[in-house]
Amino acid sequence: MPAKNIDELIALSKRRGFIFQSSEIYGGTQGLYDYGPLGVELKNNIKNSWWKSVVYERDDVEGLDASILTKQSVLKHSGHEDTFTDPLVDCKKCKGRFREDHLTDKKCPSCGSTDLTDPRPFNLMFKTNMGPIDDGSSFAYLRPETAQQIFTNFKNVVDSTARNIPFGIAQMGKAFRNEITLKSFIFRVREFEQMELEFFVVPGTDEKWHKEWVEARLVWWENQGVPRDSLELYDVPAEELAHYSKATVDIMYKFPHGVEELEGIANRTDFDLGSHSKDQAELSIKSSVKENKESNAKLALKDLDNNWVVPFVIEPSAGVDRAVLAILNEAYNVESVDGKERVVLKLKPHLSPIKAAVIPLKKNDENIVARAKGIKNKLQSLGLGRVLFENSGNIGKNYRRHDEVGTPICITIDFDTLEDNTVTIRDRDSMEQKRVNESDLEDLFKKLF
Ligand code: GAP
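Structural notes, computed from the coordinates. This structure is a prediction, so every number in the text was calculated from the model and none was measured. (Residues numbered from 1 in each chain as written. Predicted model: local features only at pLDDT ≥ 70, side-chain atom pairs only at ≥ 80, totals over all residues. Heavy atoms only, no water.)

**Focus on the sheet that holds strand β9 (residues 139-142)**
Threshold: Pairing between strands is defined by DSSP: at least two bridges between the two strands are required. Secondary structure counts use DSSP, requiring at least four H or I residues in a row for a helix and at least two E residues in a row for a strand, with both numbered from the N terminus.
The 3 strands lie next to each other as β4-β9-β8, forming an open sheet whose pairing is antiparallel. Looking at strand neighbours, the two that pair on one side only are β4 (69-70) and β8 (126-129), the edges of this open sheet. Sheet topology note: the β8/β9 ladder contains 4 bridges and is antiparallel. From the neighbouring strand, Lys127 faces β9, where its bridge partner is Tyr141.

**Things to note about the pairing of strand β22 (residues 409-413)**
Regular strands show a simple pattern: their side chains alternate between the two faces of the sheet. As a reminder of what qualifies: The rule is simple: take the accessible area with a 1.4 Å probe, protein chains only, and divide by the maximum for that residue type; under 20% is buried, over 50% is exposed, in between is partly exposed.
With 5 of 5 residues buried, β22 is to be regarded as a mostly interior element. Burial along β22 is two-sided: the face carrying Ile409, Ile411 and Ile413 and the face carrying Cys410 and Thr412 are both buried. Sheet analysis places β22 next to strand β23 (residues 422-427), joined by 4 bridges and oriented antiparallel. Among the inter-strand pairings, Cys410 is bridged to a residue of β23, identified as Arg426.

**Looking at the side chain of Asp403**
Note the cut-off: Polar contacts, as used here, are pairs of N or O atoms within 3.5 Å; protein pairs need one atom able to donate a hydrogen and one able to accept it. Residues neighboring in sequence count only if both atoms are side-chain atoms. Contact definition: two residues touch when any of their heavy atoms are within 4.5 Å.
Among the structural elements, Asp403 can be located in helix α11 (residues 395-405). A relative accessible area of 2% places Asp403 in the buried class. Polar contacts involving the side chain of Asp403 include one to the side chain of Arg342, which spans 2.8 Å. Not counting residues within four places of it along the chain, the set of residues in contact with Asp403 comprises Arg342, Val343, Val344, Leu345, Arg426 and Arg428.

**Some words on the nonpolar core**
For soluble globular proteins, nonpolar side chains are generally found buried alongside one another. Test applied: Nonpolar cores were defined as sets of buried Ala, Val, Leu, Ile, Met, Phe, Trp, Tyr and Cys residues, with membership established by side-chain atoms within 4.5 Å.
Membership of the largest hydrophobic core comes to 56 residues, with the highest contact counts inside it found for Ile46, Trp50, Met195 and Trp221. Element by element, the count of residues in this core is highest for helix α9 (residues 320-331), at 8 residues. If sequence neighbours within four positions are ignored, Trp50 has contacts with Val55, Ala170, Gln171, Met172, Met195, Glu196, Leu197, Arg217 and Trp220.

**Digging into the site of the ligand**
To be explicit about the condition: Nearness is judged by heavy atoms alone; a residue qualifies as near a molecule or strand once a single heavy atom is within 4 Å of it. Reported accessibility uses the Shrake-Rupley method at a 1.4 Å probe radius. Residues are deemed covered only where the shown protein chains occlude them. For this classification, the nonpolar set comprises Ala, Val, Leu, Ile, Met, Phe, Trp, Tyr, Cys and Pro, the charged set comprises Asp, Glu, Lys and Arg, and every other residue, Gly included, is treated as polar.
Residues in contact with the ligand amount to 19 residues; listed here are only the nearest, Glu145, Arg177, Glu179, Glu196 and Glu261. The side chain of Glu145 places a nitrogen or oxygen atom 2.6 Å from a nitrogen atom of the ligand. A distance of 2.8 Å separates a nitrogen atom of the ligand from a polar atom in the side chain of Glu315. The fraction of the free accessible surface of the ligand (550 Å²) that becomes covered by protein chains is 91%. Those elements giving two or more residues to the shell around the ligand turn out to be β11 (191-201), β14 (258-269) and β17 (312-319). For the shell around the ligand, the leading source of residues is β14, giving 5 residues. Of the residues assigned to the shell around the ligand, the class counts are 5 nonpolar, 4 polar and 10 charged.

**Details of the side chain of Gln148**
On the secondary structure map, Gln148 appears in helix α5 (residues 147-152). Residue Gln148 is classed as buried on the basis of its relative accessible area, which comes to 1%. What Gln148 contacts, discounting residues up to four positions off in sequence, is Val74, Leu75, Ser78, His80, Arg268, Asp272 and His276.

**Points about the environment of Ile165**
With respect to the helices and strands, the residue Ile165 is situated in the loop between α6 (154-161) and β10 (167-176). Owing to a relative accessible area of 16%, Ile165 belongs among the buried residues under this scheme. Taking C-alpha positions, Ile165 is 21 Å from Lys52, a pair spaced 113 residues apart along the chain. Those residues in contact with Ile165, other than ones at most four positions away along the chain, are Phe200, Val201, Val202, Leu301, Val309 and Pro311.

**Description of the packing of helix α1 (residues 6-16) against α9**
This is how it is decided: Only the contacting stretch of a helix is used when fitting its axis, a line to C-alpha atoms as for every element, and angles between N-to-C directions run 0 to 180 degrees. An angle counts as roughly parallel when it lies under 35 degrees, as roughly antiparallel when it exceeds 145, as roughly perpendicular when it falls between 65 and 115, and as oblique in every other case.
Following both chains from N to C, one finds α1 and α9 inclined at 100 degrees, their axes separated by 11 Å at the closest point. The angle between the axes of α1 and α9 places the two elements in the roughly perpendicular class. Seen from α1, the contacting residues are Ile6, Leu9 and Ser13; seen from α9, they are Leu325, Leu328 and Asn329. Looking at the contact of α1 with α9 residue by residue, the class counts come to 4 nonpolar, 2 polar and no charged.

**Some points on the pairing of β17**
Within β17, 8 of the 8 residues are buried, which leaves it mostly tucked inside the rest of the structure. Neither face of β17 is left uncovered, since the one carrying Phe312, Ile314, Pro316 and Ala318 and the one carrying Val313, Glu315, Ser317 and Gly319 both have all their residues buried. Bridging between β11 and β17 involves 6 bridges; their strand directions are antiparallel. By the bridge assignment, Val201 is partnered in β17 with Phe312. Of the strand pairs in this sheet, β14 and β17 are connected by 6 bridges, and their pairing is antiparallel. Within β17, the position partnered with Ile265 by the bridge is Pro316.

The following block contains the structure:
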């Protein structure tokens, strides 16, 4: 039963340490959130799962971690300086500012007035001063998408790996947008993370690859616990396409506030490599690009007939924060057990922030505590994620807390353990408890994760 109400997820996130409002002790900052002790684990697990599926499990993708601060020339030639805008209107009555395309009936959402200014383009990129002089002449942009530095590193990656198309470059990391309308908790924020793949293909094979990537991404979302019937595909109509795109399919998710974009998969054609290239006239670029006199590289490859080919690009681009929201929403369940309410996060085990809690039944018994610590250390050393030595509260409270944060198993050590080397394993979803040999724990753990 997915959460009906975003407030339940916000409350759980704060109560258990997943997500906090940024700068909360100073009244908070709109559109900025901080990930707490469990949030950072969940986020890392999602990113690792993406990296594993996009880089490690394939033989045609390389990774990259480029700088966030981005030179102006990059975002000038990418088209972002001219076109990365939203239409902004002011309400003349209450002085509120809104995105025109988010208004219903052309009315101010704050006061209902229809007395609005004409829309004007508002660039979403953040600028920051770079270097010792603060006169506005030497600035950098905070990247609005991770993609651009993948394109600017295209030649570096090809030269250092001897790759030929089709192949991809993957990158995860922060992106920044000065959004006008913030929305629904971490859904639309000003600082967020993206998981982006730029997959370079032979022109003419781009539509086939586009379809393949849409399918591959749907399978990945299902493996993260977001079922196919919570997802919809949206073919973005021509008038809504970004300036670089020939076709985009959005994977839409039923968020608590409505059906909205979770990931976009765009066919960016040869626009980006073409735009960032020198000597464009020699390259027979198919998309319409602006002249580039600043770049010192041809971002193209030679084919077998010695002709330059500018690869087309298929780009699956997912938001990490939206992934966190969708995955939490799917996992969140409220059940009734013996007339009492149980909140349980049924996260896929590979995403759980804590993989197992090891609980000594008597927290003052030296032998039991030492045994529990030994088991924790052994399981921790397998490198499969965080294992917590849990020595607070009573056993019932521990189970309740670990249900709420999605810990798949609790392992309890008691007096019998000291006698017969067995422990109790309690399963989060079924709440069943069984006795197993301590020596079987490692195999059991490896199987589960
Ligand atoms: N490189 C292509 C690109 O950036 P996008 O559709 O603008 O395309 C890709 O963004 C993904 O990044 C979106 O599907 C969404 O998951 C996430 N995203 C975009 N803007 C966001 C924001 N303001 N807050 C949170 N996530 C955002």
